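The chain contents come next:
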Amino acid sequence: MKLTFLGTGAGESYPGLWCNCPHCAYARRAGGRNIRANSCAVLDEKLLLDMGPMCFDAAARLGVDLTGVSSLLITHPHEDHLYPMHLHWREVEEAHLQVRYPDQMHLGGPRFTPLPELEIYGNAYTEAVLQPVLQETPSPHAHFHRIEEGVEFETDGYTVMPVRGNHHERGFAHGYVIRRDGKTLLYALDTGSYEPDMMELLKKYVYDVVVMEGTTGLNEQYGGHMCMENNRRFRETLRASGCLREDSRMILTHLSPHWCPPHDMYSVMVEQAGMILAYDGMCVEI
């Protein structure tokens, strides 16, 4: 599996949209890996993990093609993770797909190329947000499936296990254990500290890569998010339970500029803690 990070920032982005604090000012000035879009990732340009407002812009800048995506896993419906109107731009008049360029330009419409059917997975909160768009868009070729924590499902050759996070309210956010070809990824955004039943579920797997939100960074953990110290403790819990191999990697994403220093400095601190700091465009072979 190839995991590409399209965005690694929290809701306010990095730098913060309306902020010029030292961290945000440095990021604007230095650019590069210090700039973070809202968190989103894609596996093999096939399975999209969240669909926030910036994901398609970020993909275009990074040279990633999302037109082949056929599975979409939504962690939760906060606006930085789910922007339903993106589905509106899948709408198409089927007859237009048969018309060749340049005649297509006289027809109008958001797309003129065939797309795979899109299978969308999320919890009940996500379903409530998505359904109005799916119902109002005549032909988005998208189908919603409600997940159940602890119940595996198959999509596009991936085996997926939803895991309930501790964010906002109970059942509002879910991460995913994703397995394929003998490899296992945990993608865990906006988790807070897992409750005991979910920790027992997580301990059933051995992970090649763990991607976890590190939103509150050098601050203490609060508000349904994780700080770096609790990221480290979570890694040690997995290690003590035999869930990590010697070469397993733990990668932090979903970073707020107000608790996480810019990448130039924070990446060194995270590495010293035995983890890896993600950046927009980072590719990881699993």
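As the structure is a computational prediction, the values presented were derived from the model and not from experiment. (Residues numbered from 1 in each chain as written. Predicted model: local features only at pLDDT ≥ 70, side-chain atom pairs only at ≥ 80, totals over all residues. Heavy atoms only, no water.)

Student: Report on the nonpolar core, specifying residues and quantitative values.
Tutor: Taken as a class, soluble globular proteins show a tendency for nonpolar side chains to be buried jointly. Within the largest apolar cluster, 29 residues are counted, with the highest numbers of intra-cluster contacts made by Y194, L202, Y207, V210 and F234. Those elements that provide at least two residues to this core are β8 (158-164), β10 (183-188), α4 (196-202), β11 (207-213), α5 (228-240), β12 (244-253) and α6 (263-272). Among the elements that take part in this core, α4 stands out by supplying 4 residues, more than any other. Ignoring sequence-local partners within four residues, the contact set of Y194 consists of V163, R164, G165, A188, M199, L202, M212 and F234. By size, the runner-up hydrophobic cluster in this structure holds 26 residues, among which are M1, L3, F5 and Y158. (Core = buried A, V, L, I, M, F, W, Y, C linked by side-chain atoms within 4.5 Å. Buried < 20%, exposed > 50% of the residue type's maximum accessible area, 1.4 Å probe, protein only. Helix = DSSP H or I, 4+ residues; strand = E, 2+ residues; numbered from the N terminus. Contact = heavy atoms within 4.5 Å.)

Student: Go over the pairing of β8, please, and point to the residues and values.
Tutor: Most of β8 sits out of view: 7 of its 7 residues are buried. Here β8 shows two buried faces, one formed by Y158, V160, P162 and R164 and the other by T159, M161 and V163. One ladder, built from 3 bridges, connects strand β7 (residues 153-155) with β8; its direction is antiparallel. When the bridges of β8 are listed, E154 appears paired with T159. Remark: 2 residues form the turn of the hairpin made by β7 and β8, two consecutive strands paired antiparallel; D156 in that turn has positive phi of roughly 55 degrees. Across 6 bridges, β8 lies against strand β9 (residues 174-180) in antiparallel orientation. Bridged to V163 within β9 is G175. (Pairing = 2+ DSSP bridges.)

Student: Describe the sheet that holds strand β6 (residues 142-146), with residues and values.
Tutor: In a beta sheet, neighbouring strands are held together by backbone hydrogen bonds and run either parallel or antiparallel to one another. One open sheet holds the 7 strands; their spatial order is β6-β5-β4-β3-β2-β1-β14, and the pairing between them is mixed. Bordering the open sheet on either side are β6 and β14 (283-285), each of which pairs with just one other strand. Averaged over all adjacent pairs, the angle separating strand axes in this sheet is 20 degrees, with direction ignored. Alignment of strand β4 (residues 71-73) against strand β5 (residues 118-122), held across 3 bridges, turns out to be parallel. In the strand pairing of β5, L72 is matched with I120. On top of the sheet, helix α2 (residues 55-62) reaches β1 (2-7) and β2 (40-43); it is set at about 115 degrees to β1, its chief contact. Packed on one face of the sheet, helix α3 (residues 124-136) meets β5 and β6 and runs near 160 degrees to β6. (Axes fitted to C-alpha atoms, helices over the stretch in contact; angles between N-to-C directions.)

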